[in-house]
Amino acid sequence: MRRPTLEAVAARAGVSRSTVSRVVNGQPTVTPDIRDMVMRAVNELGYVPNGAARNLVTQRTNSVALVVSEPPNRVFSDDPMFSTVIRAASLELETAGKQVVLLLAGSPESHARVEKYIAGGHVDGVMLVSSHGADPLPVALTRLRVPVVSYGRPAVPVALPYVDNDNVGGAAGAVRHLLERGRRRIATIAGPLDTVGGQDRLTGYRDVLRDSDRRSIIAVGDFTRESGAVAMRQLLTDDPGLDAVFAANDLMAIGALHALRQAGRRVPDDVAVVGYDDIEAARYTDPPLTTVHSAHAEQTVAMVRLLLGLMEDSPADPLIMPTELVVRSSS
């Protein structure tokens, strides 16, 4: 059975082909009674608009790229941040009648493929996630004629709208909490220092210790559970007398809890532990993890709305979302 055409709908409704085209493409230049006649004909014939042809008229694909600058084994790991962002972005875009296209850009080759795909006009906008300092995409994409926003402040100096959480303030609040608990030798497991999150959370840690005349004790991880355990063992070797540790994300904090247990250190009696993100697993560690709540889903929704506004030529200013310390038994 042949698919109904615009011409068939026009004949059934008794209007011109161009009038049917304006109705199915949502243009407001048609009177309500004519629109009703056309839509009755559409429903009677079972007409389905041709997406490719409609995109040529509207200059819209109704698709948005979610570009994650990480390799697949990182995106599809046990880090719930990525799944939360992908799910929240998909749901919010679906509500707006748009499709999300997931693009992974964890290598130089994939960077080039992503840039070529976006330059080809396959999407109406781009959301960048997990930008690293050497990532060329933020700068490259700003040269293309496509709206772009970033999940988190970009790690390179580029004029790009973004939505972030208060990394410095959240980390500072965590360290102040440890000082208020009477801890004197507070270490940190920093995140990757080529990421803004890693840099800013380390800054918040250092600022508070500097103000309290205490020295920084630092190890660096990569936001994975394993790196947290390795860093914790290094910290215990470097300073066996430390009595608290702030980890720049919950997965590293969970790794630190494991290393402390292996070393015979009691938490929080011997060493207090605070994480960052407030992932679901933080409530079920032994003991439950004190952490900085960072609302990834809400931050993603704000990013999507910022991009949708940008696609309609609305102004887009950076947005910093607040954090909150969730105190549990680990501190």
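Residues numbered from 1 in each chain as written. Predicted model: local features only at pLDDT ≥ 70, side-chain atom pairs only at ≥ 80, totals over all residues. Heavy atoms only, no water.

So, the confidence of the model for the protein chain
Low pLDDT means the predicted atomic positions in that stretch should not be read closely. Within the protein chain, residue pLDDT values average 90, and 96% of them lie at 70 or more. The low-confidence segment residues 52-58 (pLDDT under 50) makes 8 contacts with residues lying over four places distant or belonging to another chain. (pLDDT = per-residue confidence, 0-100. Contact = heavy atoms within 4.5 Å.)

Here's the deal with the sheet that holds strand β8 (residues 244-247)
With mixed pairing, the 6 strands of this open sheet are ordered in space as β7-β6-β8-β9-β10-β12. For this open sheet the edge positions go to β7 (217-220) and β12 (324-326), each flanked by a neighbour on one side alone. Averaged over neighbouring strand pairs, the angle between their axes works out to 20° when direction is ignored. The strands touched by helix α9 (residues 167-180) within the sheet are β6 (186-190), β8, β9 (272-277), β10 (290-293) and β12, with β9 carrying the most contacts at an inclination of about 165°. (Pairing = 2+ DSSP bridges. Helix = DSSP H or I, 4+ residues; strand = E, 2+ residues; numbered from the N terminus. Axes fitted to C-alpha atoms, helices over the stretch in contact; angles between N-to-C directions.)

What to know about helix α13 (residues 296-311)
Here α13 spans 22 Å end to end across 16 residues, near enough to the 22 Å set by a 1.5 Å rise per residue. For α13, a buried count of 12 out of 16 residues is recorded, marking the element as mostly surrounded by other parts of the structure. After α13 finishes, the residue aspartate 313 shows a positive phi value of roughly 70°. (Expected span 1.5 Å × (residues − 1). Buried < 20%, exposed > 50% of the residue type's maximum accessible area, 1.4 Å probe, protein only.)

Quick notes on unusual backbone geometry
The omega torsion of the bond from valine 267 to proline 268 falls at 10°, within 30 degrees of zero and hence cis. The omega torsion across aspartate 286 and proline 287 is 0°, close enough to zero to call that bond cis. Assignment of secondary structure puts proline 287 in the loop between β9 and β10.

A look at the packing of α9 against helix α10 (residues 196-211)
Two elements in contact, α9 and α10, have axes whose closest approach is 7 Å; the angle formed by their N-to-C orientations is 40°. The angle between α9 and α10 falls in the class oblique. Here α9 and α10 pass one another in a crossing that is right-handed. Residues Asn167, Val168, Ala171, Ala172, Val175, Arg176 and Leu179 of α9 form the contact with α10, whose own contacting residues are Gly197, Asp200, Arg201, Thr203, Gly204, Tyr205, Asp207, Val208 and Leu209. (Parallel < 35°, antiparallel > 145°, perpendicular 65-115°, else oblique. Left-handed = near helix turned anticlockwise from the far one by under 90°.)

Some remarks on the pattern of salt bridges
Side chains that carry opposite charge are capable of pairing whenever their charged atoms lie near each other. Evaluated as defined, the whole model comprises 12 salt bridges. Across the pair arginine 185 and aspartate 239 runs a salt bridge, and its minimum N-O distance is 2.7 Å. In this pair, arginine 185 is assigned in the loop between α9 and β6 and aspartate 239 in the loop between α11 (225-238) and β8, connecting sequence segments 54 residues apart. Taking relative accessible area as the criterion, aspartate 239 reaches 2% and is therefore assigned buried. Between arginine 283 and glutamate 280 there is a salt bridge whose closest N-O contact spans 4.0 Å. Given the relative accessible area of 53%, glutamate 280 is considered exposed. Three or more residues joined by partner-sharing salt bridges are found here, namely Arg185, Arg215 and Asp239. (Salt bridge = Lys/Arg side-chain N within 4 Å of Asp/Glu carboxyl O.)

Observations concerning the nonpolar core
Counting residues in hydrophobic clusters, the biggest one holds 42 residues, and the most contacted among them are Ile189, Tyr205, Met232, Leu235, Val245, Phe246 and Val273. Counting residues per element, this core draws most heavily on helix α12 (residues 250-262), at 6 residues. In contact with valine 273, not counting residues within four places along its chain, are Val245, Ala253, Leu257, Leu260, Val267, Leu289, Thr290, Ser330 and Ser331. Of all hydrophobic cores here, the second largest spans 24 residues; its members include Met127, Leu306, Leu307 and Met311. (Core = buried A, V, L, I, M, F, W, Y, C linked by side-chain atoms within 4.5 Å.)

Overview of the side chain of aspartate 79
Along the polypeptide, aspartate 79 turns up in the loop between α5 (72-75) and α6 (80-95). Residue classification places aspartate 79 among the buried positions, given a relative accessible area of 8%. A polar side-chain atom of aspartate 79 sits 3.0 Å from the main-chain amide nitrogen of methionine 81. Those residues within four positions of aspartate 79 in sequence are excluded, and the remaining contacts are Arg74, Phe223, Asn249 and Leu251. (Polar contact = N/O pair within 3.5 Å; in protein donor to acceptor, adjacent residues only side chain to side chain.)

Section: the pairing of β7
The two faces of β7 differ: Ile217 and Ala219 on one face are buried, but Ile218 and Val220 on the other face are not. For β6 and β7, the ladder comprises 4 bridges, and the chain directions are parallel. Bridging from a neighbouring strand, alanine 190 pairs with valine 220 of β7. As for the winding sense of the linkage, the β-α-β connection from β6 through α10 to β7 is right-handed. (Right-handed = clockwise from strand over helix to strand, strands pointing away.)

Some words on helix α7 (residues 108-119)
With 12 residues, α7 should cover 16 Å at 1.5 Å per step; its first-to-last C-alpha distance of 17 Å lies within 8% of that length. Of all the residues in α7, the buried ones are Ser110, His111, Val114 and Ile118. Angular distribution of buried residues about the axis of α7 spans 105°; they occupy a single face of the element. The outward face of α7, more than 90 degrees from its buried face, is lined by the exposed residues Pro108, Glu109, Arg113 and Lys116. Elements that come into contact with the buried residues of α7 comprise β1 (63-68), β2 (99-104), β3 (125-129) and α8 (137-142). Note on α7: the residue one or two positions beyond its end, glycine 121, has a positive phi of about 80°. (Arc of directions from axis to C-beta.)

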